[in-house]
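Here are the chains, one letter per residue:
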Amino acid sequence: MLFHKCGYACPPQCPADQTQRVAGGSGGRQRRYTVDLHCHVLTPEIERLVAGLPQKLAEGEAALKSMGGASVEHNNRVMLPEAWLKLTQLDERLRDMDAMGVDLQVVSPSPNQYYYWADQDLAGQIVRIQNEQIADLCAQHPQRLAGLGNVAMQHPGLAVQQLEYAVRQLGLRGVEISSSVNGAELADARFQPFWSKVEELGCLVFLHPLGTTLGERLNQYYLVNTIGQPLETTIALSHLIFGGVLDRHPGIKLVAAHGGGYLPSYIGRSNHAYHVRPEAGMPRRTPAEYLKQIWFDSLVYEPQALRQLIEQVGVTQVVIGTDYPFDMGAYDVHGLINTLTELSEEERQQILSGNALRALGMPALTVGMPRQE
């Protein structure tokens, strides 16, 4: 697989042919067992199922309003065609994993297939097809793939049933959800049964937004994704903290995409509000303390940003996440980790796999020693 070689040092308007093969950033010497917790898969059967429905047909106009014509055109002409094979073809995925030095991918739905607008019957079909396909992929290569499913969060009672089926019957490690559900925050009382079931099952929830609620303010320069998605994660995590969800369910295992958005880097402002504003003083602890019970992926691009994330949340709470196979992903994870020379060998291994395996409830039996190329 060819990846953009510049990584976090990429200059403006870098030529498209400036690519190289990435093999775990190890230079062919030695690399460590690596788990990528932020990877997506798309289910073509679902696209055939929803094709022609009014809500699906409306996506084109909505995309133009939310991201603008230039981004829609580039996505349709370049990004989506390049990602399609990797989203749908297992052989492509396995080759790319080898090129990146990734031993285990945790695959989760492409967020455009949440389809939270679906009624209960259609939502039941969508989630069943999607989760069973993900489970089947993982069963084909259990040493290389683990799965997170989808749930119909717009129908909380159904979501609870789907969650239990996904974990207990299909063997998935948890589910992926968006940052809000048709305008409802994740701390809304209607989702209380979902969070209770998550805690009961001990499964993982991967928080990954789809777009942004800021509307047309971000419809230029790909701001809808560049700043919109991290902001959505910031808002969702803040609601879970200030809304008391993490107090009521301290056993929830939650992973936040895109490094948790902007919350970890500006948590001091949340702490300040907690102390001076009565309406922000409901949590039992300061907001910063809740970051220690959330996992955050490494998709922050630059070494200093990753250093700051580790400093704020702790080395035990950071996992590898590439956003495979989209163009906003960062794929030389070993190169990035190797820039943090202050980390011990044990700390590097925690970030590369140990933390993820703990979050997934998987045994760390393959983590003990570095692997030879």
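Since we're looking at a predicted model, the values are computed, not measured.

Scoring rules and cut-offs
- Residues numbered from 1 in each chain as written.
- Predicted model: local features only at pLDDT ≥ 70, side-chain atom pairs only at ≥ 80, totals over all residues.
- Heavy atoms only, no water.
- Helix = DSSP H or I, 4+ residues; strand = E, 2+ residues; numbered from the N terminus.
- Expected span 1.5 Å × (residues − 1).
- Buried < 20%, exposed > 50% of the residue type's maximum accessible area, 1.4 Å probe, protein only.
- Contact = heavy atoms within 4.5 Å.
- Polar contact = N/O pair within 3.5 Å; in protein donor to acceptor, adjacent residues only side chain to side chain.
- Pairing = 2+ DSSP bridges.
- Core = buried A, V, L, I, M, F, W, Y, C linked by side-chain atoms within 4.5 Å.
- pLDDT = per-residue confidence, 0-100.
- Right-handed = clockwise from strand over helix to strand, strands pointing away.
- Salt bridge = Lys/Arg side-chain N within 4 Å of Asp/Glu carboxyl O.

1. Some details on helix H6 (residues 120-140)
Phase 1 of the analysis: Taking 1.5 Å of rise per residue, the 21 residues of H6 would be expected to cover 30 Å, and the 30 Å separating its terminal C-alpha atoms lies within 8% of that figure.
Phase 2 of the analysis: Those residues of H6 lying buried are Leu122, Ala123, Ile126, Val127, Ile129, Gln130, Asn131, Ile134, Ala135, Leu137 and Cys138.
Phase 3 of the analysis: Buried positions along H6 lie against strand E4 (35-41), helix H1 (44-50), helix H5 (90-100), strand E5 (104-109), strand E6 (145-147) and helix H7 (156-169).
Phase 4 of the analysis: Measuring from the backbone nitrogen of aspartate 121 back to the side-chain oxygen at the start of H6 gives 3.3 Å, which picks out aspartate 119 as the cap.

2. Observations regarding the pairing of strand E11 (residues 253-256)
Phase 1 of the analysis: Side-chain alternation along E11 places Lys253 and Val255 on one buried face and Leu254 and Ala256 on a second face that is also buried.
Phase 2 of the analysis: The pairing of strand E10 (residues 204-207) with E11 spans 4 bridges and is parallel. Its bridge partner being in E11, valine 205 is matched across the sheet by leucine 254.
Phase 3 of the analysis: In this structure, E11 lies alongside strand E12 (residues 294-297), joined through 3 bridges in parallel fashion. Looking at E12, one finds that valine 255 is bridged to tryptophan 295.

3. Details of the nonpolar core
Phase 1 of the analysis: Counting residues in hydrophobic clusters, the biggest one holds 52 residues, and the most contacted among them are Met153, Leu163, Ile177, Leu186, Phe194, Trp195 and Leu306.
Phase 2 of the analysis: Residues within four places of isoleucine 177 in sequence aside, it is in contact with Tyr114, Tyr116, Val151, Met153, Leu186, Phe194, Trp195, Val205, Phe206, Leu207 and His208.
Phase 3 of the analysis: Residues Val106, Ala257, Val319 and Met362 belong to the second largest nonpolar core, which totals 18 residues.

4. A short note on the confidence of the model for the protein
Phase 1 of the analysis: Confidence in the prediction of the protein, expressed as mean pLDDT, is 91, and 89% of residues score 70 or more.
Phase 2 of the analysis: Taken as a whole, residues 16-29 scores under 50 in pLDDT and shows 37 contacts with residues more than four places along the chain or in a different chain.
Phase 3 of the analysis: Predicted confidence is poor over residues 366-373, with pLDDT under 50, and the contacts of this stretch with residues over four places away or in other chains come to 21 contacts.

5. Quick word on the pairing of E12
Phase 1 of the analysis: Residues Ile294 and Phe296 point to one face of E12 and Trp295 and Asp297 to the other, with burial holding for every one of them.
Phase 2 of the analysis: In the sheet, E12 pairs with strand E13 (residues 318-319) via 2 bridges, with the strands oriented parallel. The residue of E13 that forms the bridge with aspartate 297 is valine 319.
Phase 3 of the analysis: Remark: the E12/helix H14 (residues 303-313)/E13 crossover connection has right-handed handedness.

6. A look at the pattern of salt bridges
Phase 1 of the analysis: One pass over the full model with this rule turns up 17 salt bridges.
Phase 2 of the analysis: Residues lysine 86 and glutamate 92 are paired through a salt bridge, measuring 3.9 Å at the closest nitrogen-oxygen approach.
Phase 3 of the analysis: Assessed through its relative accessible area of 16%, lysine 86 is described here as buried.
Phase 4 of the analysis: You can call glutamate 92 partly exposed: its relative accessible area is 22%.
Phase 5 of the analysis: Here lysine 86 makes a salt bridge to aspartate 96, at a shortest N to O gap of 3.1 Å. Here lysine 86 is found in helix H4 (residues 69-88), whereas its partner aspartate 96 is found in helix H5, with 10 residues between them in sequence.

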